[in-house]
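# Observations on chain architecture
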Amino acid sequence: PLLRRALSGAGVPVVVRLEEVRLAEQPPVRALVEVLAVATGQHPVDAELAVTLLTGPLGGAGSIELRRLRQELRAGELSTGGGRASAELLVEALHRPSVLASVHPPAARAATRLADLLDVARAAAGTRGATAEDVLWAVWNRSGLARRWAQTALTGGPAAAAAERDLDAVVALFESVARFVDRLPGEGPAGFLEHLHGQQIPADAMTLAGQSGPAVQLMTAH
């Protein structure tokens, strides 16, 4: 990641083949899988996870937006005589989005979006016989990222390459979960999470379709 950021920042085209990175470690996949883990009770939302999800692809908050959200939640807490830290208030906001009513919409946008996706995931996971594929698809469909990234992919330049890379990763995730469900139809979402995190070597090798022209290719030693 450090090499990729350094080269990209210097304007050097970079390719990282997806098979060089475990599926669960690719940013859009990691975000979707974390939401799946929360929805199925495998991972509670703590302060660290709240920040990760808010600033990730699903939340989409920048550093300024996150800072404003923290400040406004903290100000609201102090005005009622409370003394909780902003980290704890972020977690509460994702569990009870009604507390965001007093926050200015621009600062609350990411938290509101993420809280909605978590609710969608929990509802899908609570459906009888729901599979990991059902929950992931419900979240992905609600996020609207497919349309947004597809539009960005048509613009050209580094942003387009990043959008295509993210779309490729999500496609690989859904291919993986579809194969898992077909092979083990009785396994619930928890079984897929264990399967995905247990992969030591990427099982879903695919090339980066969006790259064209000469570029530096980053590879591991093997």
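Residues numbered from 1 in each chain as written. Predicted model: local features only at pLDDT ≥ 70, side-chain atom pairs only at ≥ 80, totals over all residues. Heavy atoms only, no water.

### Some thoughts on the overall build of the protein chain
The helix and strand tally for the protein chain stands at ten helices and two strands. Shown N-terminal to C-terminal, the secondary structure of the protein chain runs as helices and strands in the order α-β-α-α-α-α-α-α-α-α-α-β. Scaling as 2.2 N^0.38, a compact globule of 222 residues should have a C-alpha radius of gyration of about 17 Å, and the protein chain matches this with 19 Å. Considering only C-alpha atoms, the protein chain reaches an extent of 60 × 50 × 30 Å along its principal axes. Scored against the burial criterion, the 222 residues of the protein chain give a buried share of 41%. In the protein chain, the share of contacts with a sequence separation of at least 24, taken over all contacts with a separation of at least 6, comes to 67%. Total accessible area on the protein chain is roughly 11700 Å²; 56% of this is exposed by carbon and sulfur atoms. On the protein chain, the mean spot of the 21 positive side-chain charges and the mean spot of the 23 negative ones are 6 Å from each other. (Helix = DSSP H or I, 4+ residues; strand = E, 2+ residues; numbered from the N terminus. Rg over C-alpha atoms; globule rule 2.2 N^0.38 Å. Buried < 20%, exposed > 50% of the residue type's maximum accessible area, 1.4 Å probe, protein only. Contact = heavy atoms within 4.5 Å. Areas by Shrake-Rupley, 256 points an atom, 1.4 Å probe, with all protein chains shown as cover. Lys, Arg positive; Asp, Glu negative; His and termini not counted. Charge placed at Lys NZ, Arg CZ, Asp CG, Glu CD.)

### A short note on the packing of aromatic side chains
According to the stated counting rule, one finds three aromatic pairs in the structure shown. Residues Phe180 and Phe192 carry aromatic rings whose centres are separated by 5.5 Å and whose planes lie at 65 degrees to one another, so their mutual orientation is edge-to-face. A residue pair is termed long-range when its members are at least 10 positions apart, and Phe180 in helix H9 (residues 158-183) and Phe192 in helix H10 (residues 189-197) qualify at twelve residues. Per residue, the accessibility class of Phe180 equals that of Phe192, and both read buried. (Phe/Tyr/Trp six-rings, centres within 6.5 Å; stacked < 30°, edge-to-face > 60°.)

### A few points about the pattern of salt bridges
Under the defined criterion, the tally for this structure stands at six salt bridges. The closest approach of N and O atoms between Arg84 and Glu92, which form a salt bridge, is 3.1 Å. A residue is classified by how much of its surface remains accessible, and Arg84, at 27% relative accessible area, is partly exposed. Judged by relative accessible area, which is 18%, Glu92 ranks as buried. Linking Arg142 and Asp116 is a salt bridge whose minimum nitrogen-to-oxygen distance equals 3.0 Å. Here the residue Arg142 occupies a position in helix H7 (residues 132-143), and Asp116 occupies one in helix H6 (residues 105-125), the gap between them amounting to 26 residues. Exposure remark for Arg142: the relative accessible area of 48% places this residue in the partly exposed category. When salt bridges that share partners are traced, they join Glu77, Arg84, Glu92 and Arg96 into one network. (Salt bridge = Lys/Arg side-chain N within 4 Å of Asp/Glu carboxyl O.)

### Concerning the nonpolar core
One broad trend across soluble globular proteins is that nonpolar side chains are buried collectively. Counting residues in hydrophobic clusters, the biggest one holds 58 residues, and the most contacted among them are Leu54, Leu58, Leu100 and Phe192. In contact with Leu54, not counting residues within four places along its chain, are Gly59, Gly60, Ala61, Leu66, Leu69, Leu90, Leu94, Ala110, Ala111 and Leu114. (Core = buried A, V, L, I, M, F, W, Y, C linked by side-chain atoms within 4.5 Å.)

### A look at helix H8 (residues 145-153)
An α-helix turns once per 3.6 residues; consequently, residues spaced three or four apart project the same way. Of all the positions in H8, only Leu145, Trp149 and Ala153 are classed as buried. For H8, the angular spread of buried residues about the axis comes to 65 degrees, placing them on one side. Looking at the buried side of H8, the elements it contacts are helix H2 (27-39), H7 and H9. (Arc of directions from axis to C-beta.)

### Remarks on the packing of helix H3 (residues 47-55) against helix H5 (residues 86-95)
In a pair of packed helices, the angle between the axes and the distance between the axes together describe the arrangement. Running from amino to carboxyl end, H3 crosses H5 at an angle of 65 degrees, the nearest separation of the two axes being 9 Å. Taken together, the axes of H3 and H5 are roughly perpendicular relative to one another. In the crossing of H3 with H5, the sense of the turn from one axis to the other is left-handed. Of H5, the residues touching H3 (which contributes Ala47, Ala50, Val51 and Leu54) are Ala87, Leu90, Val91 and Leu94. (Axes fitted to C-alpha atoms, helices over the stretch in contact; angles between N-to-C directions. Parallel < 35°, antiparallel > 145°, perpendicular 65-115°, else oblique. Left-handed = near helix turned anticlockwise from the far one by under 90°.)

### Considerations on the side chain of Glu77
Tracing the sequence through the fold places Glu77 in helix H4 (residues 63-79). Using a relative accessible area of 9% as the deciding quantity, one classes Glu77 as buried. Within the local environment of Glu77, its side chain forms a polar contact with the side chain of Arg84, the two groups lying 3.0 Å apart. Setting aside anything within four residues of it in sequence, one finds Glu77 in contact with Gly82, Gly83, Arg84 and Leu89. (Polar contact = N/O pair within 3.5 Å; in protein donor to acceptor, adjacent residues only side chain to side chain.)

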